[in-house]
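# Overview (structure and organization)
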Amino acid sequence: MRYREADYDVVVIGAGHAGTEAGLAAARMGMEVLVLTINLDSAGAMPCNPAIGGPAKGHLVREIDALGGEMGRAIDDTYVQMRLLNTGKGPAVQSLRAQADKREYGHRILRALMQQPRLRLKQAMADGLIVEDGRVTGVSTKTGVCYGADVVIITAGVYLQGRVFTGEYGYESGPNGLTPATDLSVDLVEHGLEMGRFMTGTPPRVSRSTVDTSRMQRQDGDRERQGFSFMSPSNNPDEVGEVSEEVAHEQLPCWLTHTSADTHRIVQENIGRTPMYDGTMEAAGPRYCPCLEDKVMQFPDRTSHPVFLEPEGRDVQEMYIQGLSTSLPEDVQVRVLRTIAGLEKAEIVRPGYGIEYDYVDPTQLYASLESKKISGLFFAGQVNGTSGYEEAAAQGIMAGINAGLLLRDREPLVLDRSQAYIGVLIDDLVTTGVDEPYRMLTSRAEYRLLLRGDNADFRLTELGHEVGLVSDGRYARARRRRRLVEEEIDRLNETRVRGDDVNTHLENLGTSPLSEVSSLAQLLRRPEVSYETLAPVDPHRPQLARSVRDSVEIEIKYEGYIGKQKEQVRRYRRSERTRIPHDVDYAVIPGLSREAREKLQRVMPRSLGQAMRIPGVSPSDISVLMVWLERDRGRT
Ligand SMILES: Cc1cc2nc3c(=O)[nH]c(=O)nc-3n(C[C@H](O)[C@H](O)[C@H](O)COP(=O)(O)OP(=O)(O)OC[C@H]3O[C@@H](n4cnc5c(N)ncnc54)[C@H](O)[C@@H]3O)c2cc1C
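Okay, so let's go over this structure.

## A few points about the overall build of the protein chain
Check the secondary structure of the protein chain and you find 19 helices and 22 strands. A globule of 636 residues ought to have a C-alpha radius of gyration of about 26 Å, and the protein chain, at 26 Å, matches this closely. Within the protein chain, the fraction of its 636 residues that count as buried is 58%. The long-range share in the protein chain, meaning contacts at least 24 apart out of those at least 6 apart in sequence, stands at 72%. Surface accessibility of the protein chain: about 25900 Å² in total, with carbon and sulfur atoms responsible for 49%.

Have a look at this one:
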């Protein structure tokens, strides 16, 4: 007889990146929350690269932060290096990337979870769901305990039926030698959920003292740094002086080296001993984080691939070898290291490995991340077929918010593709599904010029405030920053200058002189001119914080493109506004193709726009659906 310990509003299975955001969001919205994890010390663990952010992933972190999430603040408190990437490219793809102190980050997350009112964190292995009449009512654990719950959020990561491989050796395991979650996966199938199988891999870690960095190229962080969180000092709109996060964080360097022809020869000679090439591991892996074996076999003409040595933390003696993810046998991993400049004497402290795991097909979920089959059951993170800490955390906060809204009988919060990368991520998952681990890319976002890192607070903080995750003070701060940005844009548009006053300066900037009166904004649109370099001819400008200046410059310089994209969004929103009832029986709609009927019945799109994005639903199917909806509306 299982012992029913207690009842909660929300039970979250997992304290990884998704579970943390989900648990904190629901508790901060006033719910009584229990978060279960297989190992308390692995809360917020980074089983792979010690980094957060980068293109598209950094955008997700800013959006999570703008909604009131934890990841942005946690990494700003624990990073060992911060860089703004793609500064040579447009603002849509510029993004922060931070090297994390993995231990400090995990501790920081554990603290946030354990200090959160109404949230209880507990070490336990969930082995099954309690479901009554199609509704989840609780969770059971391997030690005979069960917990009542009105909502359950599963964020089990790569643990479901986890199986690890290094060369010819494979065994049941979660990441880093932790226990896999086998029973829960079996239980989900018994409850009618369709599962798939994916894999991912990680490189060996080597002892820092055995790495010869004199043979490598040093890569330092940015001197003047910004934080991910809009609550960090460098993003404070009231802070007009030069603020850098410098104070707290002495930065650590990363190091660049390369594989060699010998490296590639050793991989080719031993390719038959790797699980990915001897047929042992057949699951699909992350295309955009290819392992060494794939790089060597798929690009035989390449003579070398870049390899980055990244510190795993300040007082941690391990270095992460970015670019050497592998499940080669250990003896081969050692030989591979001997062929790479600076790693000739490197000692492996953790061998690289591949891990296969079960995931839930996300087309079984509504855009709220609630299951269509079992109400009150939500899924978030790698368990939905994604890859990456940031993608997981983004789903986690949405699942937590929607759990809270469900328990308050309110409509779920669904961000659309023009509002946020989070909206693109979830819409892709529930509409198109996944056939390999899904990683967020800027190219996936049609309206990426509107979804920049710098304006995430303008797009999302109001929504975070509405659901009760963002405080009044923080919301006021975001509104203040928006007002400062708009006022400065107006001032630059209204401030007129004559050639006599500015031409000498313009020539110094290498741009053509003015022949007629112009606004400062018009000058700022010139590629040779920046907000900073305009200062000498703009003596009455107000002192503004960096986060305000940056947004002003982007909004003015890209005004034309931004305007065009807003027009596209108006068209997109029209098809999104054409709602489709959630109980349509596509079997009875005449004229639909068989494939479209199946796919529409599976995805149950909530709008015409979503129906248009389902692979296999053709434009003629959409016309049939539009006519039917019109007629159906006429009938009701
Ligand atoms: C070997 C490896 C390599 C990776 N490589 C990459 C990469 O190259 N690029 C990339 O972007 N991402 C990579 N990742 C993925 C990245 O680590 C994950 O995307 C991220 O950690 C997912 O976050 P999550 O919250 O979904 O799950 P996780 O962080 O895995 O957390 C899962 C949580 O669920 C708990 N849990 C699971 N089952 C149960 C249960 N039954 N009962 C109680 N608790 C349970 C665990 O204890 C843990 O707290 C890799 C991961 C691994 C393991």
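The rest of the description comes next.
## Observations concerning the site of the ligand
Residues in close proximity to the ligand total 35 residues, the closest being A18, T37, A126, Q382 and G388. A distance of 2.8 Å separates an oxygen atom of the ligand from a polar backbone atom of A18. K57 has a polar side-chain atom sitting 3.3 Å from an oxygen atom of the ligand. In the complex, the protein chains occlude 97% of the 980 Å² of accessible area that the ligand would expose alone. Elements with a minimum of two residues in the shell around the ligand: α1 (17–28), β2 (33–37), β12 (195–202), β19 (353–360) and α9 (389–407).

## Some words on the pairing of strand β1 (residues 3–13)
Where β1 lies against strand β9 (residues 145–154), nine bridges are found, and the strand directions are parallel. Within β9, the residue paired with Y3 across the bridge is V145. Note: β1 against β2, four bridges, orientation parallel. Considered in β2, the bridge of V11 is made with L34.

## Here's the deal with the sheet that holds β19
Taking strand neighbours across the sheet as the criterion, the four strands line up as β11-β10-β19-β12 in an open arrangement whose pairing is antiparallel. Each having just a single partner strand, β11 (169–172) and β12 make up the two edges of the open sheet. For this sheet, the mean inter-axis angle between neighbouring strands, taken without regard to orientation, is 20 degrees. Bridge analysis of β12 against β19 gives eight bridges, and the strand direction is antiparallel. Directly across from G196, in β19, lies its bridge partner Y359. Each of β11, β12 and β19 touches helix α5 (residues 182–190); the most contacted strand, β12, lies at about 150 degrees to it.

## Quick notes on the environment of R135
Mapped onto the fold, R135 is located in strand β8 (residues 135–141). The partly exposed category is assigned to R135, whose relative accessible area is 33%. Sequence-wise, R135 and D150 are 15 residues apart; in three dimensions their C-alpha atoms are separated by 8.6 Å. When sequence neighbours within four positions are dropped, the list of residues in contact with R135 reads I130, D150, I374, S375, G376 and L406. Of the polar contacts made by the side chain of R135, one reaches the side chain of S375; its length is 3.1 Å.

## Some thoughts on the nonpolar core
Core analysis: the biggest nonpolar cluster contains 112 residues, and V152, I154, M398, I401 and I422 have the highest contact counts within it. If near-sequence neighbours (up to four positions away) are discounted, I154 is found in contact with I13, L129, L184, L188, L377, F378, F379, A380 and V383. Counting 22 residues, the second-largest nonpolar core is a separate cluster that includes F458, L506, L514 and L524.

## Focus: the pattern of salt bridges
Counting across every chain of the model gives 52 salt bridges. The shortest N-O distance in the salt bridge between E391 and K57 comes to 3.0 Å. Highlighted residues: E391 in helix α9 and K57 in helix α2 (residues 57–66), separated in sequence by 334 residues. The class for E391 is buried, based on a relative accessible area of 0%. R525 is paired through a salt bridge with E559; the nearest N and O atoms lie 2.6 Å apart. Of this pair, R525 sits in the loop between α14 (520–524) and α15 (546–557) while E559 sits in helix α16 (residues 559–577); the two residues are 34 residues apart in sequence, bridging distant segments of the chain. The exposure class assigned to E559 is partly exposed, which follows from its relative accessible area of 43%.

So, how was this worked out
- Residues numbered from 1 in each chain as written.
- Predicted model: local features only at pLDDT ≥ 70, side-chain atom pairs only at ≥ 80, totals over all residues.
- Heavy atoms only, no water.
- Helix = DSSP H or I, 4+ residues; strand = E, 2+ residues; numbered from the N terminus.
- Rg over C-alpha atoms; globule rule 2.2 N^0.38 Å.
- Buried < 20%, exposed > 50% of the residue type's maximum accessible area, 1.4 Å probe, protein only.
- Contact = heavy atoms within 4.5 Å.
- Areas by Shrake-Rupley, 256 points an atom, 1.4 Å probe, with all protein chains shown as cover.
- Near = heavy atom within 4 Å.
- Polar contact = N/O pair within 3.5 Å; in protein donor to acceptor, adjacent residues only side chain to side chain.
- Pairing = 2+ DSSP bridges.
- Axes fitted to C-alpha atoms, helices over the stretch in contact; angles between N-to-C directions.
- Core = buried A, V, L, I, M, F, W, Y, C linked by side-chain atoms within 4.5 Å.
- Salt bridge = Lys/Arg side-chain N within 4 Å of Asp/Glu carboxyl O.

On their own, these measurements won't tell you what the molecule is for.
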